[in-house]
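Descriptive structure summary
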Amino acid sequence: CPRYSEPPGFKPQKTPMQISPLNRFLPLSAALCLTGFAGAQDNLVHVQANMALGLEDSQLIRINQPMSVGSSILLQVDLAGLPMTLDLTPKSVRTSGFNVVQIVKNGVEPAIESGPVRTLWGSVLEDPGSVVGASLLDDGLYARISLSSGDDYWLQPIASKVRNAAPTDYVL
């Protein structure tokens, strides 16, 4: 690193620091640099997600909304550049006589707890005639969004498939 020396005859001033145009620019450039880094990281995660899932194109989105199994979900997403609201309600796809049994050595098949209903059904509030089918699994919400126009979208978490992806990162 080169050393800096004052020119001959230089006398430092003892006045309060004045903000020059350069001093104003430095914090802004640092912020832009950090924003650029975050943008580059998002871009890398997005490319890796497309490769991992075999997608030609997708939209990287973040879902920070807490969701819990067995509860309704109202979720805002951008579809084709328009903000839309997914309105999802838990809906079991199990038949009325559904049981989970464990087969043991003596032939007894005791019923065991099947776990909560993780499937949801609903629509896009802004699009009458749309249909959304979803599952809330341990790693996030998976959803097929079918608009009344015939366009279909798939929403999926990517943290389990893409290194450096946050648990809130999804592709649409």
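Look up: the structure comes first, before these words.
Rules of the game
Residues numbered from 1 in each chain as written. Predicted model: local features only at pLDDT ≥ 70, side-chain atom pairs only at ≥ 80, totals over all residues. Heavy atoms only, no water. Helix = DSSP H or I, 4+ residues; strand = E, 2+ residues; numbered from the N terminus. Contact = heavy atoms within 4.5 Å. Areas by Shrake-Rupley, 256 points an atom, 1.4 Å probe, with all protein chains shown as cover. Pairing = 2+ DSSP bridges. Axes fitted to C-alpha atoms, helices over the stretch in contact; angles between N-to-C directions. Core = buried A, V, L, I, M, F, W, Y, C linked by side-chain atoms within 4.5 Å. Buried < 20%, exposed > 50% of the residue type's maximum accessible area, 1.4 Å probe, protein only. Phe/Tyr/Trp six-rings, centres within 6.5 Å; stacked < 30°, edge-to-face > 60°.

Scanning the protein chain from N- to C-terminus turns up 1 helix and 10 strands. Listing the helices and strands of the protein chain from first to last along the sequence gives α-β-β-β-β-β-β-β-β-β-β. Pairs at least 24 apart in sequence give 41% of the contacts found in the protein chain among residues at least 6 apart. Approximately 12,200 Å² of the protein chain is accessible, and the part contributed by carbon and sulfur atoms is 58%.

A few words now on the sheet that holds strand S1 (residues 60-62). Taken together, the 8 strands give an open sheet; going across it, the order is S1-S10-S9-S8-S7-S6-S3-S2, and neighbouring strands pair in antiparallel fashion. The strands lining the two open edges of the sheet, one partner per strand, are S1 and strand S2 (73-79). With strand direction ignored, the average angle separating the axes of adjacent strands in the sheet is 25 degrees. Looking at chain direction, strand S3 (residues 82-90) and strand S6 (residues 119-124) are connected through 5 bridges and run antiparallel. When the sheet's bridge partners are listed, Pro90 is paired in S6 with Leu120.

Turning to the nonpolar core, a few remarks are in order. If you look at the biggest cluster of nonpolar residues, it comprises 21 residues, and the most contacted ones within it are Leu141 and Leu155. For this core, the leading source of residues is S2, giving 4 residues. For Leu155, the residues in contact, after removing those within four places along its chain, are Ile61, Ile63, Leu75, Leu141, Tyr142, Ala143, Tyr170, Val171 and Leu172. If you look at the next biggest cluster of nonpolar residues, it comprises 6 residues, including Val45, Ala49, Ile158 and Val162.

Looking now at the packing of aromatic side chains. In this structure the tally under the stated criterion is 1 aromatic pair. Aromatic pair Tyr142 and Trp154: ring centres 6.5 Å apart, planes at 55 degrees, arrangement tilted. You can see Tyr142 sitting in strand S8 (residues 140-146) and its partner Trp154 sitting in strand S9 (residues 152-157), a full 12 residues away along the chain. Look at Tyr142 and you get buried, because its relative accessible area is 15%.

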